[in-house]
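# Structural description and commentary
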Amino acid sequence: MRTSTFVFLITGSLIFPDCGPVQQNKDNQDSVTAKVQAYLNTYNKKYRELITIANEADWVSNTKIISGDSTNSVITRRAKEELSKFTGSSENIRFAKNFLTQKKHLTPLQVRQLEKILYNAANSPDTVRYLVEERIKAETEQSEKLYGFPYTLNGNKISTNQIDSILVNSRDLSVRLAAWRASKEVGKTLKPGLVQMQGLRNNTVQALGYSDYFTYQVSDYGMTTEEMVTSLKKLVEEIWPLYRELHTYARYELAKKYGIKEPPTYLPAHWLPNRWGQDWGAMVEVAGLNLDSVIKTKPQAWIVEQGERFYISLGFDSLPDVFWSKSDLYPLPAGTAHSKNNHASAWHMDLGRDVRSLMSIVPTAEWYETSHHELGHIYYYLTYSNPDVPYILREGANRAYHEAIGSLMGLAAMQKPFLIHLQLIAEDSKTDEMRTLLKEALNFIVFIPWSAGVMNEFEYDLYSKNLSPDSFNLVWWTLAKKYQGIIPPSERGEEYCDAATKTHINDDAAQYYDYALSNVLLFQFHDYIAKNILHHDPHATNYFGNNEVGKFMKEILYPGASADWRKLLKDKTGSDLSAAAMLGYFHPLLEYLQKENKGRKCTLPEKPE
């Protein structure tokens, strides 16, 4: 194929010869297609080059945080600015718009790439370069403040892992309260940056016609803001009867645990085993399923190595050497001069084979599950890094797909038959299946009002409604009470910014609903695998060694974002997006809890209001 020559300027923009509108007639269809493909080839090559540089800089900023030293953040900011100059260049916007007027001459894959180019451009349009640079600077500084924050408890330095351990294990409410408050101190530091980013994010995308940043993010699903908000409210309403029973159960059980005679109307935030009340699974222990006692005897590297063995058994390749040589998997040794981001994450450095994970693994069941989840992202990266998927489309079919695959493998890794296979529990061990289901619901079901309710509505208010900084904390706790039935242990004024203590508010903005939708998808995938491939009860599966499961997963993973996510779901599972599989999975628990809670007072309304 004959290709045209492109010239890259210092700004990273493209100069494309003869880029004006092409005459619309059948005879020049091949010419149009070839011209567009030449442009896309060059765009993809440069996009990969710049995103690799930006990822490398960002990796250092997350793995080597030195208090008072801005060197890494400056390098990261400059790398991101170069990427944004390219993706948001006026030339790329003009080319993509012009070529999209010729849709009838283009292949579906070309159209999808051009639409993605415009979507990416809206996050950094050249027409408002000064805003883009200010936003990148603000976001980089915010991440450095968040991940480099010196948490202290009773005057002593404490890690977030240690705070989490207190909230999971301590029965002393005064100790829990001190730990919970310590976890929220970072919000004071982060509030000015969040206020700044609120305006910069909105103003940036408005330059390309989006009303606000929330609407921009939602558009990546091919949905309007109204459609997304309505879908998420429906999801909360669908699981609400079960959540209401779980909330009642938690109030009474935790009151008993802490020696409180009268259960509170709402759950005090420091009573729960998670800083944000998003996962209550640690409330429940399942006899015969105490994985921590076994996993803590394993070598440090076992958790990730076992995860790799799981994927290999399904027909995936071994992890590339670069994963092992460049990942940052464990907590920093005591006395290390720098700190790191302890939030688990997976990284696709070069949109090719350079994949890494950032974790702080200690030998616990939680990190065992988390590791399987993060490797789900890693194998998604590796599978759609193939010749059929252009670099710009090397993403999940939608953002929720990525989380769904990670969570799916985390769920599969925790099911009893698989745990027996790994000899993590004895084959003849007796476990309370209903209690196991309860523990799972305290994770998956409890997560929905938090993700689809609190986080989603706060960020909708923040960006779409330009929420006033004078109301950040008021709105945050109003939503927590409405959707989660959780209240702060004492008054939290506007000097605090408890929303900003959640990582995603700062560096994954206006897309937390991805996680809510991913829970729906994961149960659809799991239900299909259990019933149609394994012919197992969805509550008791073992994926290990089943190549048909691997084949099904690869067919979902392979196209990346080159396929329409709705069609992919329908083609592979036979159904549209639906909470039916999730509700079916937990239906036995709803009936159990209704009996268990008989005589107890439900304090949440019959519908969230």
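Structural notes, computed from the coordinates. (Residues numbered from 1 in each chain as written. Predicted model: local features only at pLDDT ≥ 70, side-chain atom pairs only at ≥ 80, totals over all residues. Heavy atoms only, no water.)

## Some details on empty space enclosed by the protein
Condition: Points on a 1 Å grid over protein atoms alone make up a cavity when a 1.4 Å probe fits among them but cannot get out, and a pocket when they form an open set with protein on both sides within 12 Å along at least five of seven lines; lining residues each have an atom within 4 Å of a point. Grid points are joined across faces, edges and corners, and a volume is the space filled by probe spheres set on the points. Only DSSP runs of H or I with at least four residues qualify as helices, and only runs of E with at least two residues qualify as strands; both kinds are numbered from the N terminus onward. Residue polarity is assigned by list, with Asp, Glu, Lys and Arg as charged and Ala, Val, Leu, Ile, Met, Phe, Trp, Tyr, Cys and Pro as nonpolar; anything else, Gly included, falls into the polar class.
Within this structure, the stated rule accounts for 4 cavities of 30 Å³ or more. The computed volume of the largest cavity comes to approximately 100 Å³. Arg275, Trp276, Gly277, Trp477 and Ile486 are, among the 15 residues lining the largest cavity, the residues nearest its centre. For the lining of the largest cavity, the element with the highest residue contribution is helix H18 (residues 472-484), accounting for 4 residues. Each residue belonging to the lining of the largest cavity can be placed in one class, and the counts come to 10 nonpolar, 3 polar and 2 charged.

## A look at helix H12 (residues 302-313)
Condition: One less than the number of residues in a helix, times 1.5 Å, gives the span that helix is expected to have. Here the term buried applies to any residue with accessible area under 20% of the maximum for its type, exposed to any over 50%, and partly exposed to those in between, with areas from a 1.4 Å probe on protein chains only. Contacts are assigned to residue pairs that have any heavy atoms within 4.5 Å of one another.
In a regular helix each residue adds 1.5 Å, so 12 residues correspond to 16 Å; H12 covers 16 Å between its end C-alpha atoms and thus fits that length. A large share of H12 lies buried, amounting to 9 of its 12 residues. Those residues of H12 that fall on the buried side of the exposure criterion are Trp302, Ile303, Val304, Gln306, Gly307, Glu308, Phe310, Tyr311 and Ser313. The inward-facing, buried residues of H12 abut helix H11 (291-295), helix H13 (321-326), helix H14 (365-384), helix H15 (399-413), helix H16 (416-421) and helix H21 (547-557). Phi for Gly315, located one or two positions after H12, is positive at around 105 degrees.

## Quick notes on the packing of helix H10 (residues 225-257) against H18
As a reminder of what qualifies: Where helices are involved, their axes are fitted lines through C-alpha atoms of the stretch in contact, as for all axes, and angles between N-to-C directions lie from 0 to 180°. Note on angle classes: values under 35 degrees are labelled roughly parallel, values over 145 roughly antiparallel, values of 65 to 115 roughly perpendicular, and the remainder oblique.
For the pair H10 and H18, interaxial distance at closest approach is 10 Å and the crossing angle is 75 degrees. In terms of orientation, H10 lies roughly perpendicular with respect to H18. Across the interface between the two elements, Lys233, Val236, Trp240, Tyr243 and His247 of H10 pack against Lys482, Tyr483 and Gln484 of H18. Taken together, the residues of the contact of H10 with H18 break down into 4 nonpolar, 2 polar and 2 charged.

## Quick look at helix H17 (residues 433-464)
An α-helical turn contains 3.6 residues, so a residue and the one three or four places further along point in the same direction. Rule in force here: One axis is fitted to the seven residues ending at the residue and one to the seven starting there. The bend at that residue is the angle between these axes. Whenever two N or O atoms come within 3.5 Å, that pair is a polar contact, provided that in protein one can donate a hydrogen and the other can accept it, and provided that, for residues adjacent in sequence, both atoms are side-chain atoms.
Taking 1.5 Å of rise per residue, the 32 residues of H17 would be expected to cover 46 Å, and the 44 Å separating its terminal C-alpha atoms lies within 8% of that figure. Of all the bends in H17, the largest measures some 35 degrees and sits at Ala441. Of all 32 residues that make up H17, 25 are buried, and the element is covered over most of its length. A side-chain oxygen of the first residue of H17 lies 3.1 Å from the backbone nitrogen of Met434; this N-cap is Asp432. Count one or two residues on from H17 and you reach Asn466, which has phi positive near 50 degrees.

## Comments concerning the pattern of salt bridges
Two side chains with opposite charge may pair up if their charged atoms get near one another. Rule in force here: A pairing counts as a salt bridge when a side-chain nitrogen of Lys or Arg comes within 4 Å of a carboxyl oxygen of Asp or Glu.
Within this structure, the stated rule accounts for 30 salt bridges. Its salt-bridge partner being Asp220, residue Lys116 comes within 3.2 Å of it at the nearest N-O pair. Linking Lys116 in helix H4 (residues 108-122) with Asp220 in the loop between helix H9 (213-219) and H10, this pair joins segments that are 104 residues apart in sequence. Between Arg492 and Asp498 there is a salt bridge; the shortest N-O distance is 2.8 Å. As far as the burial class goes, Arg492 and Asp498 line up, both buried. Salt bridges linked by common partners bring Lys116, Asp220, Glu395, Arg399 and Asp514 together as one network.

## Side note on unusual backbone geometry
Keep in mind that most residues, glycine aside, have a negative phi and that most peptide bonds are trans. A positive phi angle, near 55 degrees, is found at Asn154, a position not held by glycine. Checked against the element boundaries, Asn154 lands in the loop between strand E3 (152-153) and strand E4 (156-157). Look at His535: it is not a glycine, yet its phi comes out positive at around 60 degrees. With respect to the helices and strands, the residue His535 is situated in the loop between helix H20 (513-534) and H21. Residue class for His535 comes out exposed when judged on its relative accessible area of 62%.

## Some remarks on the layout of surface pockets
Of the pockets and cavities examined, the second largest pocket occupies roughly 370 Å³. What lines the second largest pocket is a set of 17 residues, among which Met223, Ser231, Leu517, Leu577 and Ser578 lie closest to the centre. Those elements that provide at least two residues to the lining of the second largest pocket are H10, H20 and helix H22 (565-573). In terms of residue count, the dominant contributor to the lining of the second largest pocket is H10 (6 residues). Partitioning the lining of the second largest pocket into residue classes produces 9 nonpolar, 3 polar and 5 charged.

## Here we look at the side chain of Asp498
Following the sequence through the fold, Asp498 ends up in the loop between strand E8 (486-487) and helix H19 (503-507). The buried category is assigned to Asp498, whose relative accessible area is 0%. At 2.9 Å, the side chain of Asp498 and the side chain of Trp477 are in polar contact. Within the local environment of Asp498, its side chain forms a polar contact with the side chain of Arg492, the two groups lying 2.8 Å apart. Sequence-distant contacts of Asp498, defined by excluding residues within four places in its chain, comprise Lys184, Asn473, Trp476, Trp477 and Arg492.

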